[in-house]
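# Chains, contacts and geometry: an overview
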Amino acid sequence: MAISKDTVKYVAHLARIRLKPEELDVFSVQLEEILKYMEKLNEAEVSHIPPTSHILSLKNVFRADQVRPSLDVDAVLENAPKKKDRQFSVPKVIA
Amino acid sequence: MSYECVIGLEVHAQLNTRTKAFCGCAVEFGKEPNSLTCPVCLGLPGSLPVLNQTAFEYAVKVALALGCQVQKNTKFDRKNYFYPDLPKNYQISQYDLPLSLKGSLEIESADKMKKIGITRVHLEEDAGKLIHLDDASLVDYNRAGTPLLEIVSEPDISSPLEAYDYLTVLKAILQYLGVSDCDMEKGTLRCDANISLRKTGVKTLGAKVELKNMNSFKAVKDALEYEIGRQTDLLSENKGIIQETRLWDAKKLATFSMRTKEEASDYRYFPEPDLPLFTIEDSLIEKIKGSLPELPREKSARFVKEYGLTEREVKLVIQDKDLADYFEACCKLYPKAKIINNWLIGAVSAEMNSRKLEIATLRLSAASLIELIKLVEDGSVSNLVAKDVLKEMLDSGKPAVSIIKEKGLAQISDTSQLEKIAGDVIKENGRSVQDFLAGKENALMFLVGQVMRKSGGKANPKVVQEILRGRLKNV
């Protein structure tokens, strides 16, 4: 599968990564190689295997609806690059 | 050219569990920002979400109450997008194996019952809250991770009024189940609407517009009505409808394009590896089915049968479970259901609305309301004055009898007093007297009104009418 520069740009945008023009070239080649390698999986015979979303046989793991202590707000904000009024401060975003 | 509209609604209801969907942080409104957070709901590395069993059972409960097919196997998925209200950069939601599919809900439309299909009911988590300042946005993650039910309707709704009725019925069901507070102003219930127009009779769907930012049922109705007008104008000028998201502006009473970059959402859903699969056993479904309370439709049917009222009469009381319970408590004390119902949907509802209180917080016991109703029924106080007495009861907490006594509000049925007032009124309103004698019944009601006014609302209108008729015969 050929990966165009537009595809790399699109994926970079979804991941909120800024790429330089020369990086677009590098990554389109690399991504193409990676996906080509992944295509090997298509050769596996899986017709007898039901679609699997989880590999563990665990099922129905629940927690009782009981309150447990939350973190201290100081601890919550400790690693925040910016904070204000006991809240995380982030660059202004409006949907 | 006439157009018909096709509407589908997407409702999000916060579940009123004690804790969040995937961690033990309390779900509470109005706490100090970020004080109800932990590594799980902050999306810190190495944390592991574990599903709240009550939230899961509530979701199954709602699915069953809406007649949905609860799925044997269900899983959670990550919905990926970048927005600071989402600490993990993905929302735990459900994609291709939702908890339930294909239900329905019945609304009354043009005097007939109409079935609105429910596409799916699934469980997900709420996001945090943003406050936008001039130069930054502040994030409070207290709400992040609150269990949220997404209820998606089929595009079966064909008018703004039907949309309003659908929401009213859905809210009543959720409240009867006791799983959500359903307060649109507080955001515990939210609704987005999809609407498209097509020429009447055409089968294919037109371009779909998504409406957001409505914070009441009435706003949903208003936004849809506005949108029908806007789209009809465009279509009749042969202009196309742009498929987009528009925000309702409650002040300008109009919708405005969100003007985001033209780009389809690409959420890159994939299975949430941190949560294993869930299997819903028949035994759990049976257990929850057995625990379902009487739902609005069933209660309505029972009220009609037990209290001899019509479906229409009980409609308002049924919509509010607490009010319906209150109605029954009143009926136990006094067997006149119709009179009680009229009080509840009339004067009592008016007080609830103007005071912005619920029946439970109004501080009016069924016994004290019945005491007042009895005083009206035995003629001790007029209907008109009784409404003021009710206000005073709510203000002061005093019983009806003492208010009537203290303020001298007892109804005047004493004929000698009323004869005198009636005589004055007849003298002062010669014109109306002539009208009545010429055969106009309405003129008599006017004269009764004048006597009521002169008596400060205390005259017994029935007695006044008899006196006036008697006197006017002899004019």
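Residues numbered from 1 in each chain as written. Chains lettered and ligands numbered in written order. Predicted model: local features only at pLDDT ≥ 70, side-chain atom pairs only at ≥ 80, totals over all residues. Heavy atoms only, no water.

All names here are of chain B. For the structure on display, the rule yields one cavity of 30 Å³ or more. By volume, the largest cavity amounts to about 50 Å³. The wall of the largest cavity is formed by Cys41, Asp85, Leu86, Pro87, Lys88, Tyr90, Glu125, Asp126, Ala127, Gly128, Ala144 and Gly145. Of the residues in the lining of the largest cavity, the class split is six nonpolar, two polar and four charged. (1 Å grid on protein atoms, 1.4 Å probe; cavity = no way out; pocket = protein on both sides within 12 Å on 5 of 7 lines; lining within 4 Å. Points joined across faces, edges and corners; volume = space filled by probe spheres on them. Nonpolar A, V, L, I, M, F, W, Y, C, P; charged D, E, K, R; others polar.)

Residue and element names in this part refer to chain B. By secondary structure assignment, the location of Arg78 is in strand 5 (residues 77-80). With a relative accessible area of 14%, Arg78 lands in the buried category. Polar contacts involving the side chain of Arg78 include one to the side chain of Glu272, which spans 3.0 Å. Looking at Arg78, its side chain comes within polar contact range of the side chain of Asp274, at 3.4 Å. Sequence-distant contacts of Arg78, defined by excluding residues within four places in its chain, comprise Tyr90, Gln91, Tyr267, Arg268, Tyr269, Phe270, Glu272, Pro273 and Asp274. (Helix = DSSP H or I, 4+ residues; strand = E, 2+ residues; numbered from the N terminus. Buried < 20%, exposed > 50% of the residue type's maximum accessible area, 1.4 Å probe, protein only. Polar contact = N/O pair within 3.5 Å; in protein donor to acceptor, adjacent residues only side chain to side chain. Contact = heavy atoms within 4.5 Å.)

On to the packing of helix 1 (residues 53-65) of chain B against helix 2 (residues 160-177) of chain B, then. All names here are of chain B. Contact geometry for helix 1 and helix 2: axes closest at 11 Å, N-to-C directions at 130°. Comparing their axes, helix 2 and helix 1 come out oblique. Where helix 1 crosses over helix 2, the two elements pack in a sense that is right-handed. Between helix 1 and helix 2, the contacting residues are Lys61, Val62 and Ala65 on the first element and Ile173, Leu174 and Leu177 on the second. Looking at side-chain class alone, the contact of helix 1 with helix 2 contains five nonpolar, no polar and one charged residues. (Axes fitted to C-alpha atoms, helices over the stretch in contact; angles between N-to-C directions. Parallel < 35°, antiparallel > 145°, perpendicular 65-115°, else oblique. Left-handed = near helix turned anticlockwise from the far one by under 90°.)

Residues and elements named next belong to chain B. If you trace the nine strands from one edge of the open sheet to the other, you get 3-7-8-11-1-12-13-14-15, paired in mixed fashion. The open sheet has two free edges, formed respectively by strand 3 (69-70) and strand 15 (254-257), since each of these has just one partner strand. Here strand 1 (residues 3-14) runs beside strand 11 (residues 147-153); their pairing, made up of five bridges, is antiparallel. Of the residues in strand 11, the one forming a bridge with Val11 is Ile151. Across the sheet, helix 2 touches strand 1, strand 7 (100-109), strand 8 (112-125), strand 11 and strand 12 (189-199), and the angle it forms with strand 7 is around 115°. (Pairing = 2+ DSSP bridges.)

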